[in-house]
Amino acid sequence: MSKIRETQLTTFLVEDQARFYRLAYSYLHSREEALDAVQTAVCRALEKQESLKDADAMRTWFYRILVNVCTDLLRQRKRVTLVKPEELDAGSYEDPLPEDGSLARRVDALPPEIAAVIRLRFYEELSLQEISAVVNCPLSTVKTRLYTGLKKLRIQLEGEE
Amino acid sequence: MNEFKRAKEEYESTPIPAELEDRVRAGIRQGKANRARRGWGRRLGTVAACFVVMFGVLNLSPTVAAAAADFPVLGGLFQVLTVRSFTDENGDRTVEVEQPAIQGGGAFAQQVNEEIRKRVDTKTAEGEQLVAEYKEAFLATGGTQEEWEQHNLAVSVTYDIKSQTETVVSFLVESDVSFTGANWERTYYNLDLAAEKELTLADVLGKDWVTVCNDAIREQMAAAEDPAVYFAADQGGFTTVDETTQFYLNEAGDPVVVFPPYTVAPGAMGYVEFPIGQ
């Protein structure tokens, strides 16, 4: 049975590669790092394919691996980024929200865990339930992050106006 | 909320690098190899050799065969199935084999199956030979048995179906030896089972196939993010396609011309592919 599962998995990984790359890129904003992240996540997915219990959950399962790889990379990067004092943002206590710029750029400016929820919800169109599985947080946390994010983006959900 | 539509469009317009597919496939290969190692290795120790054969699992188990038939790539009157699949590990190396064969085809299919079988056997034997030579050299030059056992060498022969219609199937057989890099080989099979023949680029693209391919390839090379990654023609790079140029047919039925590593670009780019639209 596992051979079939593996074929299914590889087909899925190859077919949806562009989506994975975009998601990774939205985290890392670097072409090379996003490529690395996708390759690492794909490799990890094949290694750990036994941990996928339900083939229907393949998408959420893989997104979770990919998101973990991306956050790991971000964490590593944080460790080595040196910023000169004079280059530090003077207004760093303020909400980092450029008033101009497109919504997509404003999403990028959100704190990473909030941006992740917004992207998965509106770009990848996952349900809140699925997002909670991907980012490994309780549903209530996902909801809080989503609403915090929307608030920061000054966007109202339909029907709430 | 409409703002999100635009944000989504912007997000979806993120340019996708051309090498993404290669990176995904590299990830798949890596993952498979690591899994083969981790799954069977260490645990069983180095002295006891383990031998696992799943011989023709598709033929033996009706459930598995039924599940395979549901799989979208397979269908039509004939099928390409795994007829031999095994992982064999001893202290020296892991051998992973997945041998495909066409089922439901005529004499021509049988002939191709026989050719594939020979290829799989030859490549496995070659890999084993390389491992044996490496081991001998390693021990002869001061390496200890213990150090040798730290290596995780792998020899693999697998396949991948690229596309399939009612009468035509396109797939490749890939062999690799993990520690050499120079033994990564792909052989493509583009078979028309109704006409009982192997398809050529001329069959797919018509009599102008050479010009059509060359134009498309040059155009894609020039349009690359960095056209200089490809070797210049006078430095041994791409000049023209010919009868020996490998290709496969993608899901859309278009030929995709494939060049092995180091032939048109640096080896790090792996197999370089150029889709030829019709």
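Residues numbered from 1 in each chain as written. Chains lettered and ligands numbered in written order. Predicted model: local features only at pLDDT ≥ 70, side-chain atom pairs only at ≥ 80, totals over all residues. Heavy atoms only, no water.

## Digging into the overall build of chain B
For chain B, the helix and strand inventory stands at 8 helices and 10 strands. Counting across all 278 residues of chain B, residues that qualify as buried make up 45%. Expressed as a percentage of contacts within chain B between residues at least 6 apart in sequence, the contacts between residues at least 24 apart total 55%. Surface exposure of chain B reaches about 14300 Å², of which carbon and sulfur atoms provide 53%. (Helix = DSSP H or I, 4+ residues; strand = E, 2+ residues; numbered from the N terminus. Buried < 20%, exposed > 50% of the residue type's maximum accessible area, 1.4 Å probe, protein only. Contact = heavy atoms within 4.5 Å. Areas by Shrake-Rupley, 256 points an atom, 1.4 Å probe, with all protein chains shown as cover.)

## Considerations on the pairing of strand S4 (residues 154–164) of chain B
All names here are of chain B. S4 sits mainly inside the fold: 10 of its 11 residues count as buried. Across 4 bridges, strand S3 (residues 94–103) lies against S4 in parallel orientation. The residue of S4 that forms the bridge with Val95 is Val155. Across 9 bridges, the pairing between S4 and strand S5 (residues 168–177) is antiparallel. By the bridge assignment, Ser156 is partnered in S5 with Asp176. (Pairing = 2+ DSSP bridges.)

## Focus: the pattern of salt bridges
In the structure shown here, the tally under the stated rule is 27 salt bridges over all chains. Salt-bridge contacts for B:Arg117 lead to B:Glu114; the nearest nitrogen and oxygen are separated by 2.8 Å. Note that B:Arg117 and B:Glu114 are positioned in helix H5 (residues 107–140) at a spacing of 3 residues, about one turn of the helix. Taking the relative accessible area as the measure of exposure, B:Arg117 reaches 32% and is therefore partly exposed. Overlapping salt bridges bring together A:Arg31, A:Glu32, B:Glu19 and B:Glu225 as one network. (Salt bridge = Lys/Arg side-chain N within 4 Å of Asp/Glu carboxyl O.)

## Brief notes about helix H8 (residues 209–223) of chain B
Each turn of an α-helix holds 3.6 residues, which means side chains three or four residues apart point in the same direction. Residue and element names in this part refer to chain B. The first and last C-alpha atoms of H8 sit 21 Å apart over 15 residues, in line with the 21 Å expected at 1.5 Å per residue. Within H8, the full set of buried residues consists of Trp209, Cys213, Asn214, Ala216, Ile217 and Met221. Summarising the axial view, the buried residues of H8 lie within an arc of 165°, below the 170-degree limit, and thus occupy one face. Away from its buried face, by an angle of more than 90 degrees, H8 presents the exposed residues Glu219, Ala222 and Ala223. (Expected span 1.5 Å × (residues − 1). Arc of directions from axis to C-beta.)

## Digging into the packing of aromatic side chains
One pass over the structure, following the stated rule, counts 17 aromatic pairs over all chains. Judged by centre distance (6.2 Å) and plane angle (85°), the rings of B:Tyr134 and B:Phe138 are edge-to-face. You can see B:Tyr134 and its partner B:Phe138 sitting in helix H5, 4 residues apart, about one turn around the helix. With a relative accessible area of 28%, B:Tyr134 lands in the partly exposed category. Through successive ring pairs, a cluster of aromatic residues spans A:Phe12, A:Phe20, A:Phe62 and A:Tyr63. The ring centre of A:Phe122 lies 5.9 Å from the NZ or CZ of A:Arg121, which sits over that ring. The ring of B:Tyr271 is capped by B:Arg186, whose NZ or CZ atom sits 4.4 Å from the centre of that ring. (Phe/Tyr/Trp six-rings, centres within 6.5 Å; stacked < 30°, edge-to-face > 60°. Lys NZ or Arg CZ within 6 Å of the ring centre and 35° of its normal.)

## Some remarks on the packing of helix H2 (residues 17–28) of chain A against helix H3 (residues 31–47) of chain A
Residue and element names in this part refer to chain A. Their axes nearest at 8 Å, the elements H2 and H3 cross at an angle of 130°. On the basis of the axis angle, H2 is oblique to H3. In the packing of H2 onto H3, the handedness of the crossing is right-handed. Across from Phe20, Tyr21, Ala24, Tyr25 and Leu28 in H2, the residues of H3 making contact are Arg31, Glu33, Ala34, Leu35, Ala37 and Val38. (Axes fitted to C-alpha atoms, helices over the stretch in contact; angles between N-to-C directions. Parallel < 35°, antiparallel > 145°, perpendicular 65-115°, else oblique. Left-handed = near helix turned anticlockwise from the far one by under 90°.)

## Considering the interface of chain B and chain A
Counting residues at the interface gives 35 residues for chain B and 47 residues for chain A. Taking both sides of the interface into account, the surface hidden between chain B and chain A amounts to around 3800 Å²; carbon and sulfur atoms contribute 64%. Here B:Lys8 ties to A:Glu125 by a salt bridge, and the two come within 2.8 Å at their closest N and O atoms. Put simply, chain B and chain A have 11 residue pairs in polar contact (both at pLDDT 80 or more) between them. Elements supplying a minimum of two residues to the side of chain B that touches chain A: helix H1 (2–12), helix H2 (20–40) and helix H4 (62–70) of chain B. Among the elements that line the side of chain B that touches chain A, the one with the most residues is H2(B), at 14 residues. Grouping the amino acids of the side of chain B that touches chain A by side-chain chemistry returns 16 nonpolar, 6 polar and 13 charged. (Buried area = accessible area lost by both parts, 1.4 Å probe. Polar contact = N/O pair within 3.5 Å; in protein donor to acceptor, adjacent residues only side chain to side chain. Nonpolar A, V, L, I, M, F, W, Y, C, P; charged D, E, K, R; others polar.)

## Some details on helix H7 (residues 128–135) of chain A
All names here are of chain A. Residues Leu128, Ile131, Ser132, Val134 and Val135 constitute the buried set of H7. All buried residues of H7 project into a common sector of 160° when viewed along the axis, lining one side. In the stretch just after H7, Asn136 is the one whose phi turns positive, near 60°.

## Examining the confidence of the model for chain B
Averaged over chain B, the pLDDT score is 82; the fraction of residues at 70 or greater is 85%. Within the model, pLDDT remains below 50 along residues 39–75 of chain B, and this stretch shows 51 contacts once partners closer than five positions in the same chain are excluded. (pLDDT = per-residue confidence, 0-100.)

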